[in-house]
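This is what each chain is made of:
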Amino acid sequence: MKTETFNEIIENILNKNPLVHCITNYVTVNDCANALLACGASPIMADDEDEVEEITTLCSALNINIGTLNKRTIGSMLKAGKRANELNHPVILDPVGAGASSLRTSTALKLISEIKMSVIRGNMSEIIAIANGYGSTQGVDANVEDNVSEQNLSESVDFVKKLSLKLNSVIVATGEIDIVANSKNAYTIRNGVPMMSRITGSGCMLSALIAAYCGANPSRIFEATAASVAMLGICGERAYKRVMETNGGNGLFRAYLIDEISKMNTPTLIGGLKIELE
Amino acid sequence: MKTETFNEIIENILNKNPLVHCITNYVTVNDCANALLACGASPIMADDEDEVEEITTLCSALNINIGTLNKRTIGSMLKAGKRANELNHPVILDPVGAGASSLRTSTALKLISEIKMSVIRGNMSEIIAIANGYGSTQGVDANVEDNVSEQNLSESVDFVKKLSLKLNSVIVATGEIDIVANSKNAYTIRNGVPMMSRITGSGCMLSALIAAYCGANPSRIFEATAASVAMLGICGERAYKRVMETNGGNGLFRAYLIDEISKMNTPTLIGGLKIELE
Amino acid sequence: MKTETFNEIIENILNKNPLVHCITNYVTVNDCANALLACGASPIMADDEDEVEEITTLCSALNINIGTLNKRTIGSMLKAGKRANELNHPVILDPVGAGASSLRTSTALKLISEIKMSVIRGNMSEIIAIANGYGSTQGVDANVEDNVSEQNLSESVDFVKKLSLKLNSVIVATGEIDIVANSKNAYTIRNGVPMMSRITGSGCMLSALIAAYCGANPSRIFEATAASVAMLGICGERAYKRVMETNGGNGLFRAYLIDEISKMNTPTLIGGLKIELE
C-alpha cells in the first residue's frame with residue numbers, strides 16, 4: 001500500500017468523524033466506545049429491535065459483535081444489518097466464540113447468509129469455525145492451524161483468500177501474524193505484541209476500529225481494514241514500551257493502548273508499519 | 001452561590017455516604033459506579049422489574065439513564081421512578097440519544113410525563129429533542145443551537161429556564177458552557193475541558209454524581225446540581241493537566257478523571273469554580 | 001498452609017491456563033475478564049440459556065454472580081450450574097446484594113439449593129443474609145456483625161464454619177479481615193487495603209479469581225480459595241503503594257490492581273502473606 005493511501009485513510013477518519021453503530025457484547029463495550037472516540041470516530045451503542053434501523057441509518061458503519069450473544073438481540077442484528085446493506089454502509093462482523101457453541105456458530109452463519117458483510121474479523125479459530133460451518137466441500141485445509149505463524153503462513157493466507165472469495169467479504173484473521181485478505185490479495189501484518197491478547201477487548205476494539213475506518217473510507221474497504229489492523233498493532237507496541245518503562249502490567253497497558261490510539265498520527269503510523277502485500 | 005453552601009453540599013456527601021440506585025446503560029455503567037464511589041457515595045445497579053422498587057427504597061436517589069435502552073427495562077424505570085417519587089427521593093433522568101430514535105425520544109417523554117424528575121441532564125441536542133417532543137406550541141427558539149457558546153448563551157439560558165418551568169425540573173444542558181437552570185435562575189459553568197467529550201461516560205458520570213449530590217442534599221437540588229457540574233469540570237481540568245505532564249492520551253485521562261473525583265475536597269472545588277448566576 | 005502448597009497452586013494456574021465460564025453482572029464484567037487474563041486464566045462470558053451448557057463444558061470452572069440479576073439469566077445460571085456439577089467442575093457463587101431485595105435473596109437460595117457450590121463468596125452482610133434465608137432454626141448469632149473485626153473475629157469464624165457445614169461449601173466472608181472456612185477449619189487473612197472497597201469490582205474480581213484458582217486446583221478447593229483471597233489482598237497493598245507514590249486516586253488504583261495481578265509471582269505472594277489457620 002502506498003504511503004499516500006494511508007495518509008488519505010487517516011485523513012478521512014479525522015475529517016469525517018464517522019458515527020459507528022455497534023451491537024456488541026457487554027464485556028468490552030466500554031473499550032470499543034473509547035477506542036472509537038480515540039481514533040476520531042463516534043460510537044452509538046443500540047441493540048433494541050425497535051430502534052436499530054433508525055440508529056444505523058444515522059451512522060456510517062455497523063459493527064456486529066456476538067461476544068455475549070443472547071436471543072433478544074439476534075433479531076436486532078439482522079434488522080440493522082439489512083438496513084445498513086440497503087444504505088450501502090459497511091457492515092463488520094466479529095464472530096466472537098464461533099465454534100465454542102452451536103448458538104454462536106449458527107448465529108454467525110445466519111448473519112453471514114442474510115447480510116452482506118464488508119469485513120469479517122476473528123482469530124484463526126473463529127475464522128476456521130465459520131469456514132467449516134459454511135459447508136465447504138473441501139473442508140479446512142489440514143495445514144491451517146489456530147495460530148498463524150511463519151511456518152504455516154502460506155497455507156493460512158491461501159485459506160483466508162479462498163474464504164474471502166466464497167463469502168464475498170474481506171476476511172481478517174488475527175494472531176501472531178495478522179492476515180487481511182480479499183479474494184485476490186492479502187496483507188500480512190507483523191505489528192502488535194503478545195500483551196494485546198492478555199487484556200480483554202483487543203479483538204473487539206479492532207473490529208470497532210475497522211468499522212470506523214471503513215465508514216470513513218467506504219470505497220477502500222480492503223486498504224482501510226489493513227490500515228486499522230496495522231494501526232492498532234503499532235499502538236500495542238507503543239503501549240507495551242510504556243508499560244515496561246513504568247513498571248506496569250496489564251492494567252496500565254489497557255489505558256496506554258487507548259492513549260496511543262488517541263495520539264496516533266500519520267507519521268507514527270507510516271513509520272511503524274510492518275505490512276506486506278503477499 | 002456562597003462558599004458556605006458548597007461547603008455544606010460537599011460535607012453532606014461525605015457524611016451521609018448516599019446510596020444511589022442506577023438503572024443505566026451497559027456502556028458506561030462501570031464508570032458511573034466508580035464515579036459514585038470516588039465522590040463518597042455508593043452505587044447499586046439493579047434493573048429487574050421484580051426488584052427495582054425494593055432497591056430504590058433503600059437508596060437516597062435514583063438515576064435513570066436510557067443509553068442502551070431496551071424494552072425490558074422501561075417498565076423497571078417507571079416502577080422505580082414512581083416509588084422514588086412516593087418516597088420523595090430525587091430522581092435524575094439522563095435522556096441519552098433523545099432525538100436519535102423514536103424509541104428514545106418517546107421513552108424519555110413517557111418517563112418525564114409519569115415521573116416527577118428532580119433533574120434532567122443532557123447535551124443541548126438531547127434537551128432540545130425533549131423540548132420539541134413535549135409539544136411546545138412555541139417550538140424551539142430558532143436561535144437555540146446544539147452547542148452552547150458565548151454567542152448564543154443568552155438565548156440558550158432563556159430556553160433552558162422556560163423548559164425548566166414547563167417540566168418542573170432542574171434542567172442541565174452540558175457543552176462548551178454548561179447551563180443549570182430552574183424556572184427563575186440559571187448558573188452558567190465554564191469548568192471542564194474538551195477531552196471530556198472524547199471519552200465515553202463523562203455525561204453519564206455527571207448524571208450519576210448529580211444523583212449522589214442531590215441524594216445527600218434533597219432540599220437544595222438546584223445548588224447541589226450546579227456543584228456537581230462544576231466539580232466534575234474541575235476534575236476534568238486537573239486530569240487533563242496530568243495527561244499533558246505524563247505524555248498520556250484518552251486512556252489515562254479516564255483513569256485520572258476518577259482519580260480527581262476521589263481526591264476532590266472543598267478548597268480545591270472552591271478554588272477552581274468558574275460559575276456565574278445569570 | 002505450607003509454602004509448597006502455595007507454589008503448586010500458583011504453578012497450576014500458570015501451567016493449566018484454566019478457562020473460566022462467568023455468568024456475571026454488566027457493571028464489573030470487564031474487570032473480571034481482565035483479572036482472569038492477568039492471573040493466567042482465560043474468561044468466557046456467556047449467559048444465554050441456549051448455550052451455557054455447551055460453554056461450561058469447555059471450561060474448568062463456573063463463576064455465578066448475581067450483581068445485576070435479571071430473570072432472563074436465572075434459568076441460565078441453573079442450567080450451567082447443573083452441568084458443571086455433572087462434570088465435577090468447581091462452581092463459585094457471588095451472591096451480590098443478597099438481603100437487599102427478595103429477588104436476590106431468593107435467587108441466591110434457589111441456586112444454592114439446586115447446585116452444589118464449591119465456594120460461596122460475599123461480604124459478611126451477604127453471607128448473613130444467606131444464613132438467615134436458609135432457614136436456620138438457630139438464627140444468626142447476635143454477635144455476628146456486618147463488619148468482621150478483631151473484636152468479633154472468633155464469633156464470626158464460628159458462624160462461617162457452621163454455615164460451611166450446613167451448605168457443604170467453602171465460605172468466604174470478606175471485609176476488614178477475610179475469613180475462608182470449611183466445616184472444620186478457617187483461614188483468617190489480613191491482606192488488603194480499604195481502597196479496594198472504594199472501587200467497584202474488587203469483590204467480583206475476587207470471585208472470578210477464586211474460580212480460576214479452583215479450576216486449576218480442583219482437589220484443593222479450600223487452599224486454592226485462601227490463596228486467591230490473599231493474592232488479591234497483596235495486589236491491593238502493592239497497588240495502593242503505587243497510588244501514593246504517583247499522586248493517584250481510585251482511577252489509577254483500579255489500573256494498578258490489574259497490573260499487580262499480572263505481575264504476581266510465587267515469591268511476592270509468599271513474602272506478602274498475612275494468613276493464619278484458626
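The shown structure was predicted, so the numbers you read here are calculated from the model rather than taken from an experiment. (Residues numbered from 1 in each chain as written. Chains lettered and ligands numbered in written order. Predicted model: local features only at pLDDT ≥ 70, side-chain atom pairs only at ≥ 80, totals over all residues. Heavy atoms only, no water.)

## Remarks on the overall build of chain A
Our working rule: In DSSP terms, a helix is any run of H or I states spanning at least four residues, a strand is any run of E spanning at least two, and both are numbered starting from the N terminus. Restricting the calculation to C-alpha atoms gives the radius of gyration, and the globule rule supplies 2.2 Å times the number of residues raised to the power 0.38. Residue exposure (1.4 Å probe, protein chains only): buried if accessible area is under 20% of the type maximum, exposed if over 50%, otherwise partly exposed. The criterion used for residue contact is that any of the two residues' heavy atoms lie within 4.5 Å. The Shrake-Rupley method, run with a 1.4 Å probe sphere, supplies the accessible areas, and residue values consider only the shown protein chains as cover. None of His or the chain ends enter the tally, which takes Lys and Arg as positive and Asp and Glu as negative. Charge positions are represented by NZ for Lys, CZ for Arg, CG for Asp and CD for Glu.
The helix and strand tally for chain A stands at 11 helices and 9 strands. Scaling as 2.2 N^0.38, a compact globule of 278 residues should have a C-alpha radius of gyration of about 19 Å, and chain A matches this with 17 Å. Per-residue burial for chain A yields a buried fraction of 64% across its 278 residues. Pairs at least 24 apart in sequence give 72% of the contacts found in chain A among residues at least 6 apart. Carbon and sulfur atoms form 47% of the exposed surface of chain A, whose accessible area is close to 9400 Å². Once the 24 positive and 30 negative side-chain charges of chain A are each reduced to a mean point, those two points are 1 Å apart.

## Overview of the state of the cysteines
Stated formally: Sulfur atoms of two cysteines make up a disulfide when they are within 2.5 Å.
Counted according to the given criterion, the structure contains 0 disulfides over all chains. As a non-bridged cysteine, Cys32(A) has Cys204(A) as the owner of its nearest cysteine sulfur, 5.2 Å distant. With a relative accessible area of 0%, Cys32(A) lands in the buried category. Not engaged in a disulfide, the cysteine Cys22(B) finds its nearest cysteine sulfur in Cys32(B); these two sulfurs lie 6.1 Å apart.

## Focus on the interface of chain A and chain C
Note the following rule: The term buried area denotes the loss of accessible surface (1.4 Å probe radius) that occurs when two parts are joined, taken as the sum for both partners. Note on definitions: salt bridges are taken to be side-chain nitrogens of Lys or Arg within 4 Å of carboxyl oxygens of Asp or Glu.
Counting residues at the interface gives 26 residues for chain A, matched by 31 residues for chain C. Between chain A and chain C, the buried area comes to about 2200 Å², and carbon and sulfur atoms account for 46% of it. Summed over the three residues of chain A that lose the most area to chain C, namely Tyr26(A), Val27(A) and Arg198(A), the buried surface amounts to 27% of that side. Linking chain A to chain C there are 3 salt bridges.

## Description of the environment of Asp31(C)
Applicable threshold: Polar contacts, as counted here, are pairs of nitrogen or oxygen atoms within 3.5 Å of one another; within protein the pair requires one atom able to donate a hydrogen and one able to accept it, and residues that are adjacent in sequence qualify only if both atoms are side-chain atoms.
In this fold, Asp31(C) is placed in helix α2 (residues 29–39). Given a relative accessible area of 3%, Asp31(C) falls into the buried group. Asp31(C) has contacts with Asn30(B), Thr200(C), Met205(C), Arg254(C) and Ile258(C), leaving out every residue within four places of it along the chain. Reaching out from Asp31(C), the side chain makes a polar contact with the side chain of Arg254(C) at a distance of 2.7 Å.

## A look at the interface of chain B and chain A
Opposite the 26 residues of chain B that make contact, chain A presents 31 residues. Across the chain B/chain A interface, buried area totals approximately 2200 Å², and carbon plus sulfur atoms make up 47% of it. Considering only the surface of chain B that becomes buried against chain A, Tyr26(B), Val27(B) and Arg198(B) emerge as the three largest contributors, covering 27% of it. Between chain B and chain A we count 3 salt bridges in total.

## Observations regarding the relation of the copies chain B and chain A
Definition in use: Copy-to-copy superposition: least squares on the C-alpha atoms, limited to residues that have pLDDT of at least 70 in both copies.
Between chain B and chain A, the superposition needs a rotation of 120 degrees and an axial shift of 0.0 Å, giving an RMSD of 0.0 Å. The two molecules are tied by a three-fold rotation axis, judged by turn and shift. It is Tyr26(B) whose C-alpha, among those of chain B, lies nearest the rotation axis, at 3.5 Å. A share of only 12% of the interface residues of chain B reappears at the interface of chain A, consistent with the copies meeting through non-equivalent patches.

## Some words on the pairing of strand β2 (residues 42–45) of chain B
Residues and elements named next belong to chain B. For clarity, the threshold we go by: Pairing between strands requires that DSSP locate at least two bridges from one strand to the other. Whether a crossover is right-handed comes down to one check: with the strands pointing away from the viewer, does the path from the first strand over the helix to the second run clockwise; if it does, it is right-handed.
With burial as the criterion, each face of β2 is covered, one bearing Ser 42 and Ile 44 and the other bearing Pro 43 and Met 45. Direction of pairing for strand β1 (residues 19–23) relative to β2: parallel, over a ladder of 4 bridges. Looking at the pairing, Val 20 lines up with Pro 43 of β2. With helix α2 (residues 29–39) bridging β1 and its parallel neighbour β2, the resulting β-α-β unit is right-handed.

## A word on the relation of the copies chain A and chain C
The two copies are related by a screw operation: chain A maps onto chain C through 120 degrees of rotation and 0.0 Å of translation along the axis, at an RMSD of 0.0 Å. Of the residues that chain A buries at the interface, just 12% are likewise interface residues in chain C, meaning the two copies contact each other through different surfaces.

## Brief notes about the sheet that holds β2(B)
All names here are of chain B. Defined as follows: Axes here mean lines fitted to C-alpha atoms, for a helix over just the part in contact, with angles spanning 0 to 180 degrees between N-to-C directions.
Judged by pairing direction, the sheet is mixed, and its 9 strands sit side by side in the order β2-β1-β3-β4-β5-β6-β7-β8-β9 without closing on themselves. The sheet is open, and its two borders are formed by β2 and β9 (275–277), each paired with just one other strand. Geometrically, the sheet is characterised by an average inter-axis angle of 20 degrees between neighbouring strands, direction not taken into account. Packing of helix α6 (residues 124–133) onto the sheet brings it into contact with β5 (119–123) and β6 (170–174), and relative to β5 it is tilted by some 120 degrees. Across the sheet, helix α7 (residues 153–167) is in contact with β5, β6, β7 (178–181) and β8 (186–189); its angle to β7 comes to roughly 35 degrees.

## A short note on the packing of helix α10 (residues 250–263) of chain B against helix α10 (residues 250–263) of chain C
Think of two packed helices as two axes; the pair is described by the angle between the axes and how far apart they sit. To be explicit about the condition: For classification purposes, an angle smaller than 35 degrees is called roughly parallel, one larger than 145 roughly antiparallel, one from 65 to 115 roughly perpendicular, and anything else oblique. Residues were grouped as follows: Ala, Val, Leu, Ile, Met, Phe, Trp, Tyr, Cys and Pro as nonpolar; Asp, Glu, Lys and Arg as charged; and all remaining residues, including Gly, as polar.
Relative orientation of the contacting elements α10(B) and α10(C) amounts to 125 degrees, with a least axis distance of 5 Å. Put simply, α10(B) runs oblique to α10(C). For the pair α10(B) and α10(C), contact is made by Leu252(B), Arg254(B), Ala255(B), Tyr256(B), Ile258(B), Asp259(B) and Ser262(B) and by Asn250(C), Gly251(C), Leu252(C) and Arg254(C), respectively. Taken together, the residues that form the contact of α10(B) with α10(C) break down as 5 nonpolar, 3 polar and 3 charged.

## Remarks on the pattern of salt bridges
All names here are of chain C. Enumeration over the complete set of coordinates arrives at 57 salt bridges over all chains. For Arg 254, the salt bridge identified is with Asp 31, shortest N-O distance 2.7 Å. You can see Arg 254 sitting in helix α10 and its partner Asp 31 sitting in helix α2, a full 223 residues away along the chain. Of the two residues, Arg 254 and Asp 31, neither departs from the other in class, the shared state being buried.

## Digging into the sheet that holds strand β4 (residues 91–94) of chain A
Residue and element names in this part refer to chain A. The strand order across the open sheet built from 9 strands is β2-β1-β3-β4-β5-β6-β7-β8-β9, with neighbouring strands paired in mixed fashion. Bordering the open sheet on either side are β2 (42–45) and β9 (275–277), each of which pairs with just one other strand. Each strand axis lies, on average, 20 degrees off the axis of its neighbour in the sheet, ignoring direction. In this structure, strand β6 (residues 170–174) lies alongside strand β7 (residues 178–181), joined through 3 bridges in antiparallel fashion.

## Some remarks on helix α6 (residues 124–133) of chain C
Residue and element names in this part refer to chain C. Of all 10 residues in α6, 7 are buried; the element is thus mostly enclosed. Within the span of α6, buried status applies to Met 124, Glu 126, Ile 127, Ile 128, Ala 129, Ile 130 and Ala 131. For α6, the elements touching its buried residues are α5 (102–114), β5 (119–123), α7 (153–167) and β6 (170–174). For α6, the capping residue at the N-terminal end is Asn 123, with a side-chain oxygen 3.1 Å from the backbone nitrogen of Ser 125.

## Here we look at the side chain of Asn70(A)
Topologically, Asn70(A) is positioned in the loop between β3 (61–65) and α4 (71–86). The exposure class assigned to Asn70(A) is buried, which follows from its relative accessible area of 9%. A distance of 3.0 Å separates a polar atom in the side chain of Asn70(A) from the backbone nitrogen of Arg72(A). Excluding anything up to four places from it in sequence, Asn70(A) contacts Asp47(C), Asp48(C) and Arg72(C).

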